[in-house]
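Structural features, examined
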Amino acid sequence: MTISREVDSRTVPAAGTYVIDPTHSKIEAVARHLMVTKVRGHFAEYEGTIVVADDPRQSSVEITIQADSITTGTDDRDAHLRSPDFLDVENHSTLTFTSTSLEPKGDAWVLNGDLTIIGKTNPVSLDLEFLGVINDPWGNAKSAFSASGEFKRHDFGLSWNVPLDGGGLLVSEVFNLEIEVQLAPQE
């Protein structure tokens, strides 16, 4: 079974359909609090399908995230993030990412797509790195990717904030999106 191949000096997984293994993956949003510290919120429930094409530039990614699964480690903050001030999970149960293109960038890639949060869709670009393919101890081929990028929360209608006395805002305008996924071939 072919598990990886080289394309334009980049190693990529073999063509096929893959699913995200949520037990070995993480999707996080990172914001600055008080303009200085980073607060990480990870989503505990999501699913995704990645189709690797013969020409990797024709590959596609679809991810659906359960909005109410956001966890920061602080119950009050998690409840606020689920409220209409942020994710409004009662009216918008999911966040989605759908790829629109994949472009080579040096030894890595740029994954372009449409991100939808609280019903508003905007384009985002993620720096994508293929981390390799390896067989687990049971002989199952696993692939891994890392992706990261940023977005402005106001573009998605996430405008709640509190001005600080010394200037600046309680929550940063720019959020970073960090994704680490392990994939398994779809059966």
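In this report, the structure presented in the accompanying data block is examined.

What counts as what
Residues numbered from 1 in each chain as written. Predicted model: local features only at pLDDT ≥ 70, side-chain atom pairs only at ≥ 80, totals over all residues. Heavy atoms only, no water. Salt bridge = Lys/Arg side-chain N within 4 Å of Asp/Glu carboxyl O. Helix = DSSP H or I, 4+ residues; strand = E, 2+ residues; numbered from the N terminus. Buried < 20%, exposed > 50% of the residue type's maximum accessible area, 1.4 Å probe, protein only. Pairing = 2+ DSSP bridges. Core = buried A, V, L, I, M, F, W, Y, C linked by side-chain atoms within 4.5 Å. Contact = heavy atoms within 4.5 Å. Phe/Tyr/Trp six-rings, centres within 6.5 Å; stacked < 30°, edge-to-face > 60°. Patch = residues over 30% accessible without salt bridge, like charges linked within 9 Å, V, L, I, M, F, W, Y side chains within 5 Å. Areas by Shrake-Rupley, 256 points an atom, 1.4 Å probe, with all protein chains shown as cover.

For the rest of this paragraph, the subject is the pattern of salt bridges. In this structure the tally under the stated criterion is 5 salt bridges. Here K142 and D21 are joined by a salt bridge, their closest N and O atoms 4.0 Å apart. With a gap of 121 residues between them, K142 in strand β12 (residues 141-152) and D21 in the loop between β3 (16-20) and β4 (26-33) connect regions that are remote in the sequence. The class for K142 is buried, based on a relative accessible area of 16%. Taken together, the shared-partner salt bridges connect E28, R40 and E178 into one network.

This part takes up the pairing of strand β9 (residues 94-105). Consecutive residues of a regular strand have side chains that alternate between opposite faces of the sheet. With 5 bridges connecting them, strand β7 (residues 60-66) and β9 associate as antiparallel partners. Bridge pairing links I63 to F97 in β9. Direction of pairing for β9 relative to strand β10 (residues 108-117): antiparallel, over a ladder of 9 bridges. Each residue of the ladder has a partner; that of K105, found in β10, is A108. Linkage of β9 to β10, two consecutive antiparallel strands, is achieved through a turn of 2 residues, within which G106 is found at a positive phi near 60°.

The next subject is the nonpolar core. For soluble globular proteins, nonpolar side chains are generally found buried alongside one another. Residues I27, F43, F97, I117 and F151 are the most contacted members of the largest nonpolar core, which totals 43 residues. With 5 residues, strand β13 (residues 174-185) is the single largest residue contributor to this core. Among all residues touching I117, those that are not within four sequence positions of it are L87, L95, F151, F156 and L158.

On to the packing of aromatic side chains. Per the counting criterion, the structure on display carries 4 aromatic pairs. Ring geometry for F130 and F145: centres 5.1 Å apart, planes at 45°, overall tilted. Taken as a pair, F130 in strand β11 (residues 120-135) and F145 in strand β12 lie far apart in primary sequence, 15 residues in all. Judged by its relative accessible area of 13%, F130 falls in the buried class.

Together, L34, M35, V36 and L169 make up an exposed nonpolar region whose accessible area comes to about 340 Å². Mapped onto the fold, V36 is located in the loop between β4 and β5 (37-43). Note on V36: relative accessible area 55%, which makes it exposed.

Take unusual backbone geometry next. You will see that L34, though not glycine, has its phi angle at about 60°, which is positive. Non-glycine residue D88 carries a positive phi angle of around 45°. On the basis of relative accessible area, D88 is assigned to the buried category, the value being 15%.

Position of S148 relative to the elements: it lies in strand β12. Take S148: its relative accessible area is 32%, and that puts it in the partly exposed class. On a C-alpha basis, the gap between S148 and N135 in space is 25 Å, while along the polypeptide they are 13 residues apart.

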